[in-house]
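Listed here are the chains, written in short residue letters.
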Amino acid sequence: MTLAATAEQLAAGRPVLIGSDEDAMIFVATPAGAVGADALGRLHELGRGIVVLALAAAIADRLALVAVGLSGPRRIDLPFTAPIDASAGLDGGWSLADRARTMRLAADPTTNPSDLTSPGHVHPARIGDGGTGGGAPAAALELARLAELA
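Residues numbered from 1 in each chain as written. Predicted model: local features only at pLDDT ≥ 70, side-chain atom pairs only at ≥ 80, totals over all residues. Heavy atoms only, no water.

A.B. asks: What is the right way to read the packing of helix 1 (residues 3–11) against helix 5 (residues 136–146) from this model?
C.D. replies: The description of two helices packed together rests on the angle between their axes and the distance between the axes. Running from N to C, helix 1 and helix 5 cross one another at 80 degrees; their axes reach a closest spacing of 8 Å. Overall, the two elements helix 1 and helix 5 adopt an arrangement that is roughly perpendicular. The residues of helix 5 that touch helix 1, namely those facing L3, T6, A7 and L10, are A140, L143, A144 and L146. (Axes fitted to C-alpha atoms, helices over the stretch in contact; angles between N-to-C directions. Helix = DSSP H or I, 4+ residues; strand = E, 2+ residues; numbered from the N terminus. Parallel < 35°, antiparallel > 145°, perpendicular 65-115°, else oblique. Contact = heavy atoms within 4.5 Å.)

A.B. asks: Sorry, what's going on with helix 5 here?
C.D. replies: What sets the pattern is the α-helix's 3.6 residues per turn: residues three or four places apart point alike. What helix 5 keeps buried is the set A136, P137, A140, L143 and A144. Here the buried residues of helix 5 occupy an arc of 115 degrees about the axis, which is enough to place them on one side. Where helix 5 is buried, its residues meet helix 1, strand 1 (16–18), strand 2 (27–29) and strand 5 (116–127). Immediately downstream of helix 5, the backbone of E148 shows phi near 60 degrees, a positive value. (Buried < 20%, exposed > 50% of the residue type's maximum accessible area, 1.4 Å probe, protein only. Arc of directions from axis to C-beta.)

A.B. asks: Explanation requested: the pairing of strand 3 (residues 52–56) in the structure shown.
C.D. replies: Looking along a regular strand, one sees the side chains alternate between the two faces of the sheet. The alternating pattern of strand 3 places L53 and L55 on a buried face, while none of V52, A54 and A56, on the opposite face, is buried. Judged from the 5 bridges that link them, strand 3 and strand 5 form a sheet pairing that is parallel. The residue bridging L53 from the neighbouring strand is P124, located in strand 5. (Pairing = 2+ DSSP bridges.)

A.B. asks: Mind showing me how you'd approach the pairing of strand 5 here?
C.D. replies: Strand direction decides the pairing type here: strand 4 (residues 84–86) and strand 5, joined by 3 bridges, are antiparallel. Bridging across to strand 5, D85 finds its partner in T117.

A.B. asks: Would you take a moment to explain the sheet that holds strand 5 for this structure?
C.D. replies: Where strands meet in a sheet, backbone hydrogen bonds hold them as pairs that are either parallel or antiparallel. A sheet is described by the order of its strands in space; here 3 strands give the open sequence 3-5-4, paired in mixed fashion. Strands at the two margins of the open sheet, each flanked by one partner only, are strand 3 and strand 4. Here the average twist between neighbouring strands, direction ignored, is 60 degrees.

A.B. asks: Whenever I open this one, unusual backbone geometry confuses me. Can you help?
C.D. replies: The bulk of non-glycine residues show a negative phi, and the bulk of peptide bonds are trans. Omega for the peptide link from S118 to P119 comes to 5 degrees, which places this bond in the cis form. Among the structural elements, P119 can be located in strand 5. Despite not being glycine, A64 has its phi angle at roughly 55 degrees, a positive value. Tracing the chain through its elements places A64 in the loop between helix 3 (57–62) and strand 4. Its relative accessible area of 49% is what places A64 among the partly exposed residues.

Right, here's the structure in full:
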């Protein structure tokens, strides 16, 4: 599939697979601004693990997300921030619907830091700041940019 076709798939809200020779695993990407509970459930099934909200460094800065240091061996080397939740409109934060709402809120360019709380149930990673979180996560954000998504 071409880069343009992949960006079109992402723009249409369909998950796309992203990987590179440098990454030890393949990533499944979908636009956060349109993710709902069903789509998030499919991501959990496809990925068989944690769902990470990849955010461009500028967005993480605007939302005042605090980096967290992880120690010990890790299967994935991503620059995580403290987990977040929407500060309003959730029913505990654990449900797929609550996590999807938090992801949509974080992707919304009008969201302010006060619209989010920490700790939470969504795991953001700061991508693209000085080479951190490169490879497939950076490619996912570039695809989102090409698809004109937040």
